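# Analysis of the macromolecular model
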Amino acid sequence: MDLAHERYEELERHILAASPGADVQRVRAAFEYANDHHGPQLRKSGEPYIIHPIAVAEIINELDLDQDSIVSALLHDCIEDTDSTHDEIARLFGPQVAELVEGVTKLTRMQYTSREDEQMENLRKMFMAMAKDVRVILIKLCDRLHNMRTLQYQSDKKQKEKALETMEVYAPIAHRLGMQKLKWELEDLSLEYLDPVGYHDVREELDHITTLHAGFVDNMQAHIEGRLSEEGVKCRVYGRLKHIYSIYRKMYSQGKTLNEIFDLYAFRVIVDDIPACYNVLGCIHDMFKPVLGRFKDYIGTPKPNGYQSLHTTVVGRDAIPFEVQIRTWDMHQTAEYGVAAHWKYKQGMANQRLGTERDFEWVRKLLESQQDTDPDEFVRTLRVDMFADEVFVFTPNGDVKSLPAGATPIDFAYAIHSAIGNSMTGARVNGRIVTFETPLKNGDIVEIITSKSARGPSRDWMKICKSNEARNKIRQWFKKERREENIATGRSMFESELKHAGLSLGAITANPELLDILLRRVRCGQLDELYAAIGYGGLSAQKAAARIKEEMTRLGRVERQRAEQEAMQSAVSAGETVYPSAPKDSILAPKRSSSGIIVSGLDNCMVKFSKCCTPVPGDPVVGFITKGYGVSIHRQDCPNADPARRRPEDEGRWVKVSWAQTPDAAYRTSLEISAKDRDGLALDVAMALSAVKVKVNNLSARSQPDGYAMIYLELAVKDQKELTGVINKLSQIPGVFLVKRAGG
Ligand code: MN
């Protein structure tokens, strides 16, 4: 038997060991197909090429992925390196496999040469967005892992390039998918080529120190196992040295010596359930002295990539510190294999595991939207759609630009520079001329053709482009370059909108006094300015006409009232009794307010108190004119009212407001109390509140795993003074260390 078949038989044995009784016919067919197609191709190592896809399939099998993934791993270089095609693979192995192989091929074709830091993140996102199916990323990661394991056969230059790319793109993606084991190996392999001297230094020092610590790992492991079995805890304990790159980073970037690194050694205790985790933690802290400030509860607060464990550092034999990670088997699978762990679990997935906090967060979200699909279906449809609203494209010299999904060459041109956009006459995507409407796809290389004699953007571009940036820049151009044209178009748009509203442009412009008032209302000095603003799109004709109409109506009303009053006065002087017929209009009404708030310039308008910071009388406040719900009142120190965070286009909607005198009113607000948890805490809070006679609408208490409690209160008070009294009272309760207003 030749080497290729020998390796394949080995793979098949491993597959059958992992899933006994599996039908491996398709896997064998894929091997034969790939073997035929790669034919006499050799790797740099001198081995037949097929050895590489088999090795990748081995790694995929170790991850316990589905058979489509294994088949695709065997075929993954066929489209790129042989005369095999997508259609042929689809015909022989099904459309799923063809899609996976095609996806891997696309990722292989991309160049991830090192760029500035800000671009690296875009590169990683593009990588993930392009893959669409998460299995494509997993196959590509395994492909890279095997290439890194056999990197010694490549040239120096290639080694450095691949190692850098692995460190900057592949390892962070493995991390994001929660695949620690893969990430560690990628990092250590990369480091060996990126900084061979540093790598070997660390290794030597580690060898030296572990000789000094002879038997430490075995010794501690036996010690921990012994104690836990006495306690009747069912568990497995593993001890190991941390991976080289993590130690290297601490030594070189944090300037520590090996002796200063607390977690050179890491032990894992894996147990059956969460209560056992905390139980083990207690035992460990009882056996060894814990290092202060090193305890972390990632079970209560998982890391963003789904990682969960309890971490603590303790001091062991000969004063050697070591880290202990305590977790359940579920958590362990997720920690080691990340998103891939979910294939291992696919049987159990459809039932009770759904929706528990232990689930990998974004996978869970995907699951929730697919509750009805069966587990296998889920695996097939699991898509990497984390960046669905972005598209990542290259400039001709390899920079990455992130644009909104659906962006066109116009968006791209203006993202580079407004001068490029304004002088654009055409665009090429991946070397082919395209129309301006063409939506860009992830990984496209986009080139803009410009000309000095270009006539500038067209108005239609504003409808075609997807980004506000492009739209604003085009608008700016029209504002500056086309004043005459803007005035003409603006005038006709305005006139037709006025007609719509039943007004005549001629009648308005004929009355200079009226015109003046109306122009001030739309914040323009002259009529031409108004037309120009409408013409370039800075002001909508509809809005301008609506404001004019409003102003006309108001003026009419003022006029009627004046007439009415005059009539009344003349009647009074004539000795008649007169009752005003209708309620007075707001313009004449005295300043009073039923809401307890006075909004400057807008009397008796609808007011609501924002839920984020729940202001009460006495708080410095500010108002925001909402679209359709009146004025919303925020505390001045509310983050949502922070002047630095206001959007420039909203500036005019922030208004001064002040508190009116309104006795007997009560205002809803909320408080957060942090306290050391104890029995009777909530009761004491309730008693304190009843002692100060304040009305409580809601009280909820939550215990935290670390021995603290959070109490959330909703109550109604007259003003800030009363609230301060309540806060003082609550602060005196034993165990309470912080009472603060919610939000703000
Ligand atoms: Mn490959």
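Report on the accompanying structure. Computed from a predicted structure; not experimentally measured.

Sheet strands pair by backbone hydrogen bonding; their relative direction is either parallel or antiparallel. Here we have 3 strands laid out as an open sheet, ordered 10-9-11, and antiparallel in their pairing. Strands with a single pairing partner mark the edges of an open sheet, and in this sheet they are strand 10 (432-434) and strand 11 (446-450). Geometrically, the sheet is characterised by an average inter-axis angle of 35° between neighbouring strands, direction not taken into account. In terms of strand pairing, strand 9 (residues 424-429) meets strand 11 through 5 bridges, oriented antiparallel. The partner of Arg-428 across the bridge, within strand 11, is Glu-447.

Counting 65 residues, the largest nonpolar core has Leu-75, Ile-89 and Leu-141 as the members making the most contacts within it. In terms of residues, this core owes the most to one element, helix 9 (residues 134-149), which gives 9 residues. Once you skip the residues sitting within four places of it in the chain, Leu-75 turns out to touch Ala-30, Tyr-33, Ala-34, Ile-89, Phe-93, Val-97 and Val-101. In terms of nonpolar packing, the next biggest core, distinct from the first, is built from 47 residues, Val-393, Tyr-414, Val-446 and Leu-519 among them.

What follows is about helix 14 (residues 244-253). By the criterion of burial, helix 14 is predominantly enclosed, with 7 of the 10 residues buried. Restricting attention to buried positions, one finds in helix 14 the residues Ile-244, Tyr-245, Ser-246, Ile-247, Tyr-248, Lys-250 and Met-251. In this structure, the buried side of helix 14 is in contact with helix 10 (156-176), helix 11 (180-194) and helix 12 (196-212). Immediately beyond the C-terminal end of helix 14, within one or two residues, lies Gly-255, with a positive phi of roughly 60°.

Here we take up the coordination of the manganese ion. Listed as protein donors to the manganese ion are His-52 (NE2), His-76 (NE2), Asp-77 (OD) and Asp-143 (OD); their distances from the metal cover 2.2 to 2.4 Å. Along the chain, the residues donating to the manganese ion fall in the pattern H-x23-H-D-x65-D. The two residues His-76 and Asp-77 agree in class, both being buried.

Another point: the environment of Leu-671. Structurally, Leu-671 is set in strand 17 (residues 667-676). What makes Leu-671 buried here is its relative accessible area of 0%. As for Leu-671 and Val-726, which are separated by 55 residues in sequence, their C-alpha atoms are 9.9 Å apart. Leu-671 has contacts with Ile-711, Tyr-712, Leu-713, Leu-715, Leu-723, Val-726, Ile-727, Leu-730, Val-739, Lys-740, Arg-741 and Ala-742, leaving out every residue within four places of it along the chain.

Relative orientation of the contacting elements helix 1 (residues 3-18) and helix 3 (residues 51-62) amounts to 10°, with a least axis distance of 10 Å. What the angle tells us is that helix 1 and helix 3 run roughly parallel. Taken together, the residues of helix 3 that come into contact with helix 1 (itself represented by Leu-3, Ala-4, Arg-7, Tyr-8, Glu-10, Leu-11, His-14, Ile-15 and Ala-18) are Ile-51, Ile-54, Ala-57, Glu-58 and Asn-61.

Bringing the packing of helix 21 (residues 409-416) against helix 24 (residues 468-481) into the picture now. In helix packing, the relevant descriptors are the interaxial angle and the interaxial distance, both defined with respect to the helix axes. For the pair helix 21 and helix 24, interaxial distance at closest approach is 8 Å and the crossing angle is 75°. In terms of axis orientation, helix 21 runs roughly perpendicular to helix 24. Packed against helix 21, whose contacting residues are Ile-410, Asp-411, Tyr-414 and Ala-415, the element helix 24 presents Glu-469, Ala-470, Lys-473 and Ile-474 at the interface. A per-class count over the contact of helix 21 with helix 24 returns 5 nonpolar, no polar and 3 charged.

To continue, consider the packing of aromatic side chains. One pass over the full model with this rule turns up 18 aromatic pairs. Centre to centre, the rings of Tyr-245 and Tyr-248 are 6.1 Å apart; their planes meet at 20°, and the pair counts as stacked. Placement of the pair is Tyr-245 and Tyr-248 together in helix 14, with a separation of 3 residues, close to one helical turn. Take Tyr-245 and Tyr-248: they sit in the same class, and that class is buried. On the numbers, 5.5 Å between centres and 85° between planes, the contact of Trp-659 with Tyr-667 is edge-to-face. Classification of Tyr-667 by relative accessible area gives buried; the value is 5%. By way of ring pairs, the aromatic residues Phe-216, Tyr-265, Phe-267, Phe-288 and Phe-322 are connected into one cluster. Taking the ring centre of Phe-478 as reference, the NZ or CZ of Arg-459 above it sits at 4.5 Å. Arg-646 extends its terminal NZ or CZ atom over the ring of Trp-654, reaching a point 4.3 Å from the ring centre.

Conventions and cut-offs
- Residues numbered from 1 in each chain as written.
- Predicted model: local features only at pLDDT ≥ 70, side-chain atom pairs only at ≥ 80, totals over all residues.
- Heavy atoms only, no water.
- Pairing = 2+ DSSP bridges.
- Helix = DSSP H or I, 4+ residues; strand = E, 2+ residues; numbered from the N terminus.
- Axes fitted to C-alpha atoms, helices over the stretch in contact; angles between N-to-C directions.
- Core = buried A, V, L, I, M, F, W, Y, C linked by side-chain atoms within 4.5 Å.
- Buried < 20%, exposed > 50% of the residue type's maximum accessible area, 1.4 Å probe, protein only.
- Contact = heavy atoms within 4.5 Å.
- Donors = N, O, S within 2.8 Å, 3.2 Å for Na, K, Ca; no water.
- Parallel < 35°, antiparallel > 145°, perpendicular 65-115°, else oblique.
- Nonpolar A, V, L, I, M, F, W, Y, C, P; charged D, E, K, R; others polar.
- Phe/Tyr/Trp six-rings, centres within 6.5 Å; stacked < 30°, edge-to-face > 60°.
- Lys NZ or Arg CZ within 6 Å of the ring centre and 35° of its normal.

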